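A closer look at the structure
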There are 2 protein chains.
Amino acid sequence: MNAPVEPSVDLAPAQRQGVDSIDTPALVVDLDAMDRNLQRMADFARKHGVRLRPHAKMHKSAELARLQMQAGAVGVCVQKVAEAEALVAGGVMDVLVTNEVIALPKLRRLAALARQVQAKGRIGLCVDSAEGVRRLAAIAAESFSGTPDSLDVYIEIDVGQHRCGVQPGPAAVALAREVLACSGLRLVGLQAYQGGAQHLRSVQARREAIAVAADAVRFTLTSLQQAGIGPLRVTGAGTGSFLLEAASGVWNELQAGSYLFMDADYAENEREPAQPAFEHALFVKTQVVSVTAQHAVCDAGHKSHAIDSGLPSVLPLEPGRDLVYANGGDEHGLLRPAGSNRQLPALGQMLWLIPGHCDPTVNLHNHLIGVRGGLRQGHVERIIRVDARGALT
Amino acid sequence: MNAPVEPSVDLAPAQRQGVDSIDTPALVVDLDAMDRNLQRMADFARKHGVRLRPHAKMHKSAELARLQMQAGAVGVCVQKVAEAEALVAGGVMDVLVTNEVIALPKLRRLAALARQVQAKGRIGLCVDSAEGVRRLAAIAAESFSGTPDSLDVYIEIDVGQHRCGVQPGPAAVALAREVLACSGLRLVGLQAYQGGAQHLRSVQARREAIAVAADAVRFTLTSLQQAGIGPLRVTGAGTGSFLLEAASGVWNELQAGSYLFMDADYAENEREPAQPAFEHALFVKTQVVSVTAQHAVCDAGHKSHAIDSGLPSVLPLEPGRDLVYANGGDEHGLLRPAGSNRQLPALGQMLWLIPGHCDPTVNLHNHLIGVRGGLRQGHVERIIRVDARGALT
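Calculation rules
- Residues numbered from 1 in each chain as written.
- Chains lettered and ligands numbered in written order.
- Predicted model: local features only at pLDDT ≥ 70, side-chain atom pairs only at ≥ 80, totals over all residues.
- Heavy atoms only, no water.
- Buried < 20%, exposed > 50% of the residue type's maximum accessible area, 1.4 Å probe, protein only.
- Helix = DSSP H or I, 4+ residues; strand = E, 2+ residues; numbered from the N terminus.
- Arc of directions from axis to C-beta.
- Contact = heavy atoms within 4.5 Å.
- Axes fitted to C-alpha atoms, helices over the stretch in contact; angles between N-to-C directions.
- Parallel < 35°, antiparallel > 145°, perpendicular 65-115°, else oblique.
- Left-handed = near helix turned anticlockwise from the far one by under 90°.
- Nonpolar A, V, L, I, M, F, W, Y, C, P; charged D, E, K, R; others polar.
- Domains from an automatic or database assignment.
- Pairing = 2+ DSSP bridges.
- Buried area = accessible area lost by both parts, 1.4 Å probe.
- Salt bridge = Lys/Arg side-chain N within 4 Å of Asp/Glu carboxyl O.
- Polar contact = N/O pair within 3.5 Å; in protein donor to acceptor, adjacent residues only side chain to side chain.

Glancing now at helix α6 (residues 170-180) of chain B. All names here are of chain B. Among all positions of α6, only A172, V173, L175, A176 and V179 are buried. Down the axis, α6 shows its buried residues gathered within 165° of arc, on one side only. If you follow the buried residues of α6, they end up packed against β6 (123-127), α5 (130-144), β7 (151-156), β8 (185-191) and α7 (203-226).

Encoded structure:
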């Protein structure tokens, strides 16, 4: 049922039930794998001397954002003002909205957040239009009555994804000047995310895409410098490419998010040899509810996991018992033997799916079930609320 | 933010704000169009002498289910026990779970619902295995201590979709005998839904598919009759094919659900000349947040609408200003001029999208914003809670 959505809870040892007790379908986090992913990325950022600002649009959880910050992250990113609200309410005090916001009511909400975190952290927003800057400045003036530097502003430049963002170079300089002319706004950085590079399968293709992006950023930084602006922070990167941004000498802040859970789509990427290996930590537990001569049918369809980046893969029940998942609609999945396997799973069998794309999968669920000790023998340690589930505005 | 999810509310006239006040992205229902769809389907069922049991997996709202029953529906269908719980809690007392349930805890919850609605309505479940019947009978015996006919049971037969269901004829008879041997269970009907026919584009293809399905049902009914079983109710059909099931003389209950809202995918079907025309009543309101030389970017991506059945279409701003929506990821949509249009929408422009698939789109949202008086000039009349949002178990 929808309401109330219970808050996160750490279960006392006496309340901890085994993995078998988890009703299906459910979104389960392998906390041991997640902790290792968390630490690997934190170590990576420290070693490379870059800031880490993980993208919380992926997990939408204040508890997980706080864990990331305890491990060294400077703050988090989100895509929506409503996500920022949910995280600030959960004690996350440094949030960058890596997106453009145009609606005045939303900008007012953002300014209210900036007042709320004052002295503890910062709220940031991206801009890619003079109109966006004017609106933000008007709201900052209204909300902070002349206080300088009330909101952090990042100029988004298009480094190859061709979605939002101004063109590198002069257009970015012009927009930076607009921001600098507004005393209520603090010009902090460049948002330079190459989303289109994240799932290029080959190492070579990703290297080429990020090399182009790096040139675009360098050109922009030089143009800004010639205009007497900067140096600005450069923030961007995702789980598919962050090693390249970190090694470029251009980016000094990484926004990767999916590394914490990983998904089937990212696992398809050829891995950079020097990049930390992340483990799948996010699973949909599902049960076989029908078996025919051709297939077994499980109770997880695309209301349980997003399919925009491909169907989930299936954890083999045991070595050699591979299964492939085919689309059975909103509420069902069709499981068929794969490879050398000839055996269907039995009616009632529990199975584990690895979602194709973690971000929109998490957004389907009110809670993540945190398991310690592995998916076979472990126990439920924590129920983690997806605080910003459905936080679209 | 996630919690609390506010209940449905009818706004007093003084509280009603214009459509302009709706923040984006938001899922909006055109209540006038919805009411017409509701009435058209109720009239159709009455005229054809068939029962209507609309599928509430689509809207997941107790309020809308009650509206459908006030207009003549005998009850509703759902796919999940948790959906049934949400609807019963909202006063909907006759619910059929058109799906197999195997987990004992879920069957206990279903039995608890059956006790709760006793004397006011019925709870039904589909079965397609002897094991499923045994489990259900065991729970019925445990929960009702010998009371006969405590739960309604439907034998699901595979009429061509090839997902769940036993084969037509003898296999269905064998399973019916299993049900009849359990005094706690009441054998009520055949679940005969041809999901694969719903989006066959041509009238002819749908007619052929439903003719095959009708033969499968007739064969099964004859087999049952020869075994001295029946007559059983025959329930099934969807928005793409219900005219055919109603005209067949075989089905006596229709389960269509999408007719209430319609979506872009169903609109692509060639319409049966005699079938009522339904209107789009479900829209995502979205705003342009970035404009480049190539496209405008809006704030609705596939966290706002499901894309399993195709991308949304865009309501033209005015005649001749057609736009096409391209995938911009989880949080963005890319809008480009289409047809003879050469004009991009402006920064800040509000637009209306027609989702590709209504069911999983509704499941992304906590509330539907009900608008009366049209999308241009209307006002917000009601906030409708999606009671069973995320009700997966």
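What follows covers the packing of helix α3 (residues 81-89) of chain A against helix α4 (residues 104-117) of chain A. Residues and elements named next belong to chain A. Between α3 and α4, the least distance of the axes is 10 Å, while the angle of their chain directions is 25°. Between α3 and α4, the angle falls in the class roughly parallel. At the point where α3 passes α4, the crossing takes the left-handed sense. The residues of α4 that touch α3, namely those facing V81, A82, A84, E85 and V88, are K106, R109, L110, L113, Q116 and V117. Per-class residue counts for the contact of α3 with α4 are 7 nonpolar, 1 polar and 3 charged.

All names here are of chain A. Relative to the elements of secondary structure, V50 occurs in the loop between α1 (31-48) and β3 (51-52). Spatially, the C-alpha atoms of V50 and Q161 are 23 Å apart, while their sequence positions differ by 111 residues. Discounting chain neighbours no more than four positions away, the residues touching V50 are A45, A246, W251, N252 and L254.

Attention now goes to the domain arrangement of chain A. Interfaces are often sized by the accessible area lost when the parts come together. Structurally, chain A comprises domain 1 (9-27 + 278-385) and domain 2 (93-256). Centre-to-centre separation of domain 1 of chain A and domain 2 of chain A, based on C-alpha positions: 37 Å.

A separate point is the pairing of strand β15 (residues 333-337) of chain B. All names here are of chain B. Sheet analysis places strand β12 (residues 296-298) next to β15, joined by 3 bridges and oriented antiparallel. Across the sheet, residue C298 finds its bridge partner in β15, namely G333. In this structure, strand β14 (residues 323-327) lies alongside β15, joined through 5 bridges in antiparallel fashion. Residue N327 lies in a different strand from β15, and its bridge partner there is G333.

Opposite the 66 residues of chain B that make contact, chain A presents 66 residues. Counting each side, the surface lost to burial between chain B and chain A is near 5,000 Å², with a carbon and sulfur contribution of 52%. On the surface where chain B and chain A come into contact, there are 6 salt bridges. With a shortest N-O distance of 2.9 Å, D23 of chain B and K106 of chain A are connected by a salt bridge. Counting every contact that joins chain B to chain A gives 26 residue pairs in polar contact (both at pLDDT 80 or more). Element by element, the count of residues in the side of chain B that touches chain A is highest for helix α3 (residues 81-89) of chain B, at 5 residues. A per-class count over the side of chain B that touches chain A returns 21 nonpolar, 24 polar and 21 charged.

A few words on the sheet that holds strand β5 (residues 95-100) of chain B. All names here are of chain B. Here 8 strands make up an open sheet; going across it, the order is β3-β10-β9-β8-β7-β6-β5-β4 and the pairing parallel. Edge positions in the sheet fall to β3 (51-52) and β4 (76-78), since each of these pairs with one other strand and no more. As paired strands, β7 and β8 are joined by 6 bridges and run parallel to one another. Along β8, the bridge assignment pairs E156 with Q191. Running over the sheet, α5 touches β6, β7 and β8 and is turned about 145° from β8. Against the sheet, α6 touches β6, β7 and β8, its axis set at about 165° to β7.

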